[in-house]
Amino acid sequence: MIGLSVAVVDPATLAGRDVKAILRERGFPAARLRFFHTGDPASGFLTEDDGEASLASPLEPDGLEGFHLAFLCGPAEATTRFLARRTSDGCLAIDLSGQRASGAFVDALRGSLPAPLPAGDLFVLREPAATVLAEAVAALDPLRRVAAVTAAIDRPASDLGKEALDELFQQAIAIASFRSVPKDHLGAQSAFNLYSPADTDAFEARVVEDVRALLGSDLPVSILSARAGVFHGTTLRVELRFEGDAPSPEALRAALLAAGRGFGEADVDGPAGTVDAAGRDETLLLRSSSLGSTARLFLASDHLRHPGALLAVRVAEAAVAERGLLPDA
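Quick summary incoming for the structure in this document.

1. A look at the overall build of the protein chain
Working step 1: What the protein chain contains, in helices and strands, is eight helices and 15 strands.
Working step 2: Relative to a compact globule of 329 residues, whose C-alpha radius of gyration would be 20 Å, the protein chain shows 20 Å and is just as compact.
Working step 3: The C-alpha extent of the protein chain, read off along each of the three principal axes, is 60 × 60 × 35 Å.
Working step 4: Across the 329 residues in the protein chain, those meeting the buried criterion constitute 49%.
Working step 5: Of all intrachain contacts in the protein chain linking residues separated by at least 6 positions in sequence, the fraction that spans at least 24 positions is 67%.
Working step 6: Element-wise, carbon and sulfur atoms account for 52% of the exposed surface of the protein chain, whose accessible area totals about 14,700 Å².
Working step 7: Of the side-chain charges in the protein chain, 31 are positive and 45 negative, and the distance between the mean point of each set is 3 Å.

Here's what the structure looks like:
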């Protein structure tokens, strides 16, 4: 059977779950799919794939040898430790962990990937919120030049993995039952709360850096972020200042919803939000307005899917064709 040997590292994470789903949805040519984990090196564990139980083995420094492609979906700290010990394995690894210590960024904007892709055997992706924000600026800049951007970003518990989601659920139950609130993974009461976590400055700096890198400009960008008591999905409330009068709300909406922009509208009656963005590849445009030289957008994105897992699989598809990994690619 002609096909690729593909590894998914930490498949039980939310990013790993989405990567597995998108590989199936897009018919990725994987003849062999293996799972690894960056947890306890003394044991494997059972994970689920397409309704079947599969074993995830500990990831050793030479664990990717013999594979064409690997998706690194675990925590940034664990992924960084693995990469520091990784041997020359000949495998192209696409990193969704958020680590930035090594690897070449693959920047995608307006639905297109760079051609050729960077050299090397490790690709990393930009901060998902930065990707969404840069796509919005890139879509609107042709209407009238964007002079500056300010964005308020609500960060969900799913940023921190499944354990944080479980803890948020337990926090909500504890509050309703007048019990003490667990804080091992979230670090604070996140349920029914909005707060500034310890990594706020670092997160905001990453978003600014990545927006400018994606746009290839030194556009003034200000980010105001908070950890929200939301299970999944990121909201961005964006103010764009234009050189001259801002486009009308109708023009803003048309430009964002044009084919290939990566934006869509919620298909529900009544107000929509992060719940409606879950599982969607498009960033939802929930509101647009303009006054004078300023325009405002309210966006909701499944941050693990469109700018994360879907982009990673698209990068893998491009690498397969560009590097000739399949005889008929």
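2. Observations concerning the packing of aromatic side chains
Geometrically, a pair of aromatic rings is defined through the distance of the ring centres and the angle of the planes.
Working step 1: By the definition in use, this model includes one aromatic pair.
Working step 2: Note on Phe36 and Phe67: the rings are 5.7 Å apart at their centroids and 85° apart in plane angle, and the pair reads as edge-to-face. Highlighted residues: Phe36 in strand S2 (residues 30-37) and Phe67 in the loop between strand S4 (52-58) and strand S5 (69-72), separated in sequence by 31 residues. You'll find Phe36 and Phe67 in the same group, each marked buried.
Working step 3: Between the NZ or CZ atom of Arg126 and the centre of the ring of Phe105, over which it lies, the distance is 3.7 Å.

3. Topic: the pattern of salt bridges
Working step 1: Applying the stated criterion across every chain yields a total of 22 salt bridges.
Working step 2: Between Asp121 and Arg86 there is a salt bridge; the shortest N-O distance is 3.8 Å. Of this pair, Asp121 sits in the loop between strand S7 (104-105) and strand S8 (122-124) while Arg86 is found in the loop between helix H2 (76-85) and strand S6 (92-95), placing the two residues 35 residues apart along the sequence.
Working step 3: With relative accessibility at 15%, the residue Arg86 sits in the buried group.
Working step 4: Arg155 is the partner of Asp159 in a salt bridge, and the nearest nitrogen-oxygen pair spans 3.8 Å.

4. Describing the pairing of strand S14 (residues 283-291)
Two faces, one strand: in a regular strand the side chains alternate between the faces of the sheet.
Working step 1: Note that strand S13 (residues 263-264) and S14 share two bridges and pair parallel. Directly across from Phe263, in S14, lies its bridge partner Thr283.
Working step 2: Between S14 and the antiparallel strand that follows it, strand S15 (residues 294-301), lie two residues; Gly292 among them carries a positive phi value of about 60°.

5. Examining the pairing of S2
Working step 1: Pairing of strand S1 (residues 4-9) with S2 involves six bridges; the strand directions are parallel. Bridged to Val9 within S2 is Phe36.
Working step 2: In this view, the connection linking S1 to its parallel neighbour S2 by way of helix H1 (residues 14-25) has right-handed handedness.

6. Some details on the sheet that holds strand S9 (residues 146-155)
Working step 1: The strand order across the open sheet formed by seven strands is S10-S11-S9-S12-S15-S14-S13, and the pairing between neighbours is mixed. With partners counted over all chains shown, the strands left at the sheet margins are strand S10 (194-195) and S13, one partner each.
Working step 2: Bridge count for S14 against S15 is seven bridges, and the pairing is antiparallel. Across the sheet, Ser288 pairs through a bridge with Leu297, a residue of S15.

7. Some thoughts on helix H3 (residues 128-140)
Turn by turn, an α-helix covers 3.6 residues, leaving residues three or four places apart pointing in a common direction.
Working step 1: Its 13 residues give H3 an end-to-end C-alpha distance of 19 Å, which sits within 8% of 18 Å, the value for a rise of 1.5 Å per residue.
Working step 2: Burial analysis of H3 places twelve of its 13 residues in the buried class, the great majority of the element.
Working step 3: Among all positions of H3, only Ala129, Ala130, Thr131, Val132, Leu133, Ala134, Glu135, Ala136, Val137, Ala138, Ala139 and Leu140 are buried.

8. So, unusual backbone geometry
Most peptide bonds are trans, and most residues other than glycine sit at a negative phi.
Working step 1: Residue Pro116 is bonded to the preceding Ala115 through a cis peptide linkage, with omega at 0°.
Working step 2: Inspection of the secondary structure assignment puts Pro116 in the loop between S7 and S8.
Working step 3: Positive phi outside glycine occurs at Asp10, with the angle close to 60°.
Working step 4: Looking at where Asp10 falls in the secondary structure, it is placed in the loop between S1 and H1.
Working step 5: Given a relative accessible area of 9%, Asp10 falls into the buried group.
Working step 6: At Phe178, a position not held by glycine, the phi torsion is positive, near 60°.
Working step 7: Position of Phe178 among the secondary structure elements: in the loop between helix H4 (162-176) and S10.

9. Observations concerning the state of the cysteines
Working step 1: Tallying each qualifying case throughout the model produces zero disulfides.
Working step 2: As a non-bridged cysteine, Cys91 has Cys73 as the owner of its nearest cysteine sulfur, 12 Å distant.
Working step 3: Given the relative accessible area of 1%, Cys91 is considered buried.

10. Let's talk about the nonpolar core
Working step 1: In terms of nonpolar packing, the biggest core is built from 32 residues, with Leu133, Val238, Leu240, Leu297 and Leu299 touching the most fellow members.
Working step 2: Those elements that provide at least two residues to this core are H3, S9, helix H5 (200-215), strand S11 (221-228), strand S12 (234-242), helix H6 (249-257) and S15.
Working step 3: Looking at this core, the element that brings in the most residues is H3, giving eight residues.
Working step 4: Look past the residues within four positions of Val238 in its chain and what remains in contact with it is Leu133, Val149, Thr150, Ala151, Ala295, Arg296, Leu297 and Leu299.
Working step 5: Core analysis: the next-biggest nonpolar cluster, separate from the first, contains 31 residues, Cys73, Leu117, Ala309 and Val313 among them.

What counts and what doesn't
- Residues numbered from 1 in each chain as written.
- Predicted model: local features only at pLDDT ≥ 70, side-chain atom pairs only at ≥ 80, totals over all residues.
- Heavy atoms only, no water.
- Helix = DSSP H or I, 4+ residues; strand = E, 2+ residues; numbered from the N terminus.
- Rg over C-alpha atoms; globule rule 2.2 N^0.38 Å.
- Buried < 20%, exposed > 50% of the residue type's maximum accessible area, 1.4 Å probe, protein only.
- Contact = heavy atoms within 4.5 Å.
- Areas by Shrake-Rupley, 256 points an atom, 1.4 Å probe, with all protein chains shown as cover.
- Lys, Arg positive; Asp, Glu negative; His and termini not counted.
- Charge placed at Lys NZ, Arg CZ, Asp CG, Glu CD.
- Phe/Tyr/Trp six-rings, centres within 6.5 Å; stacked < 30°, edge-to-face > 60°.
- Lys NZ or Arg CZ within 6 Å of the ring centre and 35° of its normal.
- Salt bridge = Lys/Arg side-chain N within 4 Å of Asp/Glu carboxyl O.
- Pairing = 2+ DSSP bridges.
- Right-handed = clockwise from strand over helix to strand, strands pointing away.
- Expected span 1.5 Å × (residues − 1).
- Disulfide = S-S within 2.5 Å.
- Core = buried A, V, L, I, M, F, W, Y, C linked by side-chain atoms within 4.5 Å.

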